[in-house]
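Spelled out, the chains give:
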Protein chains: 2
Amino acid sequence: MKKGYKCVVEQNGSAFTAVKGFKAAGVACDIRGKGDLSRLDLALIVSDVPAAAAGVFTTNDVKAAPVLVDSEHLAKARTARAIVAYSGVANACTGKRGISDAEKSCAAVSKRLGVSADEVLVCSTGRIGDFLPMDKIMGGIDKAFGSLKSEDGSFMDGARAIMTTDTHSKTVVARVTGSFGSFSIAGMAKGAGMIEPNMATMLAFFISDAKVPKALLKSSLKWAADRSFNRISVDGDMSTNDTVICLCNGQSGVSAASGEALEAFKEALLGVSRALAKMIVADGEETTRVIEVEVSGAKTRAQAEKICRSVANSMLVKCAWFGGDANWGRIADAVGYARTGVDFDKMDLSYDNVAVLRKGVVKTANADKWRKVVAGKSFSVRINLNAGDASDSVLTADLTEGYVAFNKGE
Amino acid sequence: MKKGYKCVVEQNGSAFTAVKGFKAAGVACDIRGKGDLSRLDLALIVSDVPAAAAGVFTTNDVKAAPVLVDSEHLAKARTARAIVAYSGVANACTGKRGISDAEKSCAAVSKRLGVSADEVLVCSTGRIGDFLPMDKIMGGIDKAFGSLKSEDGSFMDGARAIMTTDTHSKTVVARVTGSFGSFSIAGMAKGAGMIEPNMATMLAFFISDAKVPKALLKSSLKWAADRSFNRISVDGDMSTNDTVICLCNGQSGVSAASGEALEAFKEALLGVSRALAKMIVADGEETTRVIEVEVSGAKTRAQAEKICRSVANSMLVKCAWFGGDANWGRIADAVGYARTGVDFDKMDLSYDNVAVLRKGVVKTANADKWRKVVAGKSFSVRINLNAGDASDSVLTADLTEGYVAFNKGE
């Protein structure tokens, strides 16, 4: 069946103004305490009208204060009006004071908007265990309201303000047009280290002018996150702060509650999510290559996922990728220690489309070809277990000396 | 109750001759194909009489040929006479030819001894996916029989011959004396990379002159391995070849089938296992520190183990250890993403005996003291969940730029 709509996903670019009824700002308030007011560190996103809101959060047992506060706000309030987010301090492992600090941020924003504090969501990213400098945050919120605008530049400033060890900001927009009308979704994200979302320190904020009921927004967001952010891994370290939030304010006049409009909304949401997820992996701390690990022919999707993660997180495999070394033995080893009941003598393995193993037998004649593939900046490792028809994939990066050097110091 | 025996465990030293009725050799036969005949690469251990034998092997789905062959030999034969082991080629992922090559090695040794091939065990360690140079192996076996001796130096040569990326050989001896008489256990091991036994490329061979029934030897060996080799992790990568084998020839005249003699045998076996396991971690590829992660106050031992492994294998935590950075937030994060249901507000954390967290609250006043601890070459991370009385521990190492550099190339 031919789709009756068009969905175009675009990285960066002048995108924000496509989404109706939102304003944004990114300002500097020296949260890191280094006296550096050139580094943006506080982002504010405000919807002109009450928006349906949904969030997907870290499943870590140790949850940061803002994650706990947002979960409660989303449960309590029917709609949301704003997201305030800052970088430098994670506000994780900070006990009651951390919760109180997160609530104070929401209260400050809600007071300015004349709404309930429950309608404001708050996010932090940065070092675990430190308390927030609340005087600076309060000043930053004032400053942000002063520069709140419905301009592309303001959204970009917000995306820059949530960066920690990211080397560049990450924004994506999807524009949808169909018989139902036109709407857009814009998203910003930050990533870099401690990235194995489920969720990982990853933050992503989406805004859309589609009209989507809250329950449907929640299930759509979870569906998209499972197929994008929850399928990437830089270092296997899942953070305490991972958060994806989506606000839909309906200002396009398009209802995406069912039928093709809903289909288009989900496609756009997944498109934005996947594009941002890929940008996060590509910008992993000191990484040099992006690798997609695909497992097919599995008995169950759970088996495929377990093997994907085992390979994607193997230190030895990641070191080999860094060196452009086609050491397939390490991959076979990692497939095996996932301990899912793999029969090696049935297993196929390819780098992109170049066969390395066929039913467990190595195709040595292809060695020059596969060495070429792994010398590239981006390639796929394709594993077929030939045992069923389930599959999964994970996007990951190599492990470099630079990553270790980057993460060894205070 | 006072023990009626004495068990002394000693690293290296002139130990082998304490164990009666065994001979050993280590020779060079250029398995790596580099024309280097100064590097020992084939070890042979022979018992003068049939010995009770037991093995513990990798639980990786992808098992190397010698692992498959040994499992079969141990199941078939009542006793064993010899172990032949070589380094440089893992003989893993080598299909039927790999199995046949492993069997040929056993046959060559058994022919010399005039016993069945099932009474010979074979081990390989090295690169996955390559075939063995069988002509060289055959020559090496001849050479080994020529230099087989009951001397300390021969056992040390054997320990050197199984080394891959180890920087030094690893041998330990335990001498037991009691009312039941005297017996000894000597062990050799190799480790270095791909080390998260369960089992990991770790090989360990024990010989003892105690008399232990086969079934009891098997359960004792599993018991000791679970408390030693299966509680270490260098890089979280479990190998295809991990093997621990123990031969008991009874030549001391002491039966360790029950009572205090059995107790002493198990204590000695565990002592040798733990000492070798610690030597393996300390000699991990380019590692600089040895860290014991201890979890207590857990609801179950499985929960404690899961958290130990999550912390011990976290890339970010290992990088911090390398830098001597007391970044406890990363440890809290890894405790949480084990997702076992930890209540952070109940958790205590210490570096050695210096409190870092008490019921989730950071003891900042101790910061200078705990920085001193993590600057050391060896320390403990002690986590108390205060939720039950189960506990576990894992011995691990840091992650260094050197490890990445070492493992990135062909």
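Our structure is the block above this text.
Presented here is a report on the structure given in the accompanying data block. (Residues numbered from 1 in each chain as written. Chains lettered and ligands numbered in written order. Predicted model: local features only at pLDDT ≥ 70, side-chain atom pairs only at ≥ 80, totals over all residues. Heavy atoms only, no water.)

**Quick word on the interface of chain A and chain B**
Then step 1. Listed as interface residues are 52 residues of chain A and, on the opposing side, 51 residues of chain B.
Then step 2. Overall, the association of chain A and chain B removes approximately 4600 Å² of surface from exposure, summing both partners, and the carbon and sulfur fraction of that is 57%.
Then step 3. It is Asp61, Met315 and Lys408 of chain A that lose the most area in chain A upon contact with chain B, and together they represent 15% of the buried surface on that side.
Then step 4. Summed over the shared surface of chain A and chain B, the result is zero salt bridges.
Then step 5. Taken together, chain A and chain B are joined by zero residue pairs in polar contact (both at pLDDT 80 or more).
Then step 6. Contributing elements (two or more residues each) for the side of chain A that touches chain B: α8 (315–322), α9 (328–337) and α11 (401–407) of chain A.
Then step 7. The biggest single contributor to the side of chain A that touches chain B is α9 of chain A, with seven residues.
Then step 8. Residue classes in the side of chain A that touches chain B are distributed as 20 nonpolar, 19 polar and 13 charged. (Contact = heavy atoms within 4.5 Å. Buried area = accessible area lost by both parts, 1.4 Å probe. Salt bridge = Lys/Arg side-chain N within 4 Å of Asp/Glu carboxyl O. Polar contact = N/O pair within 3.5 Å; in protein donor to acceptor, adjacent residues only side chain to side chain. Helix = DSSP H or I, 4+ residues; strand = E, 2+ residues; numbered from the N terminus. Nonpolar A, V, L, I, M, F, W, Y, C, P; charged D, E, K, R; others polar.)

**Description of the pattern of salt bridges**
Then step 1. According to the stated counting rule, one finds 26 salt bridges over all chains in the structure shown.
Then step 2. Glu72 of chain B serves as the salt-bridge partner of Lys76 of chain B, at 3.4 Å between the closest nitrogen and oxygen. On the criterion of helical spacing, the pair formed by Lys76 of chain B and Glu72 of chain B is a turn pair, its members being four residues apart in helix α1 (residues 65–76).
Then step 3. Under the relative-accessibility criterion, Glu72 of chain B is labelled partly exposed at 39%.
Then step 4. Each of the salt bridges in this network shares a partner with another, and the network as a whole consists of Arg231, Arg301, Glu305, Arg309 and Asp392 of chain A. (Buried < 20%, exposed > 50% of the residue type's maximum accessible area, 1.4 Å probe, protein only.)

**Describing the relation of the copies chain A and chain B**
Then step 1. Of the transformation superimposing chain A on chain B, the axial component is 0.0 Å and the angular component is 180 degrees, with the fit at an RMSD of 0.0 Å. These values place the two chain copies in the arrangement generated by a two-fold rotation axis. Among all residues of chain A, the minimum C-alpha distance to the rotation axis is found for Glu401 of chain A, at 2.3 Å. (Least-squares fit on C-alpha atoms with pLDDT ≥ 70 in both.)

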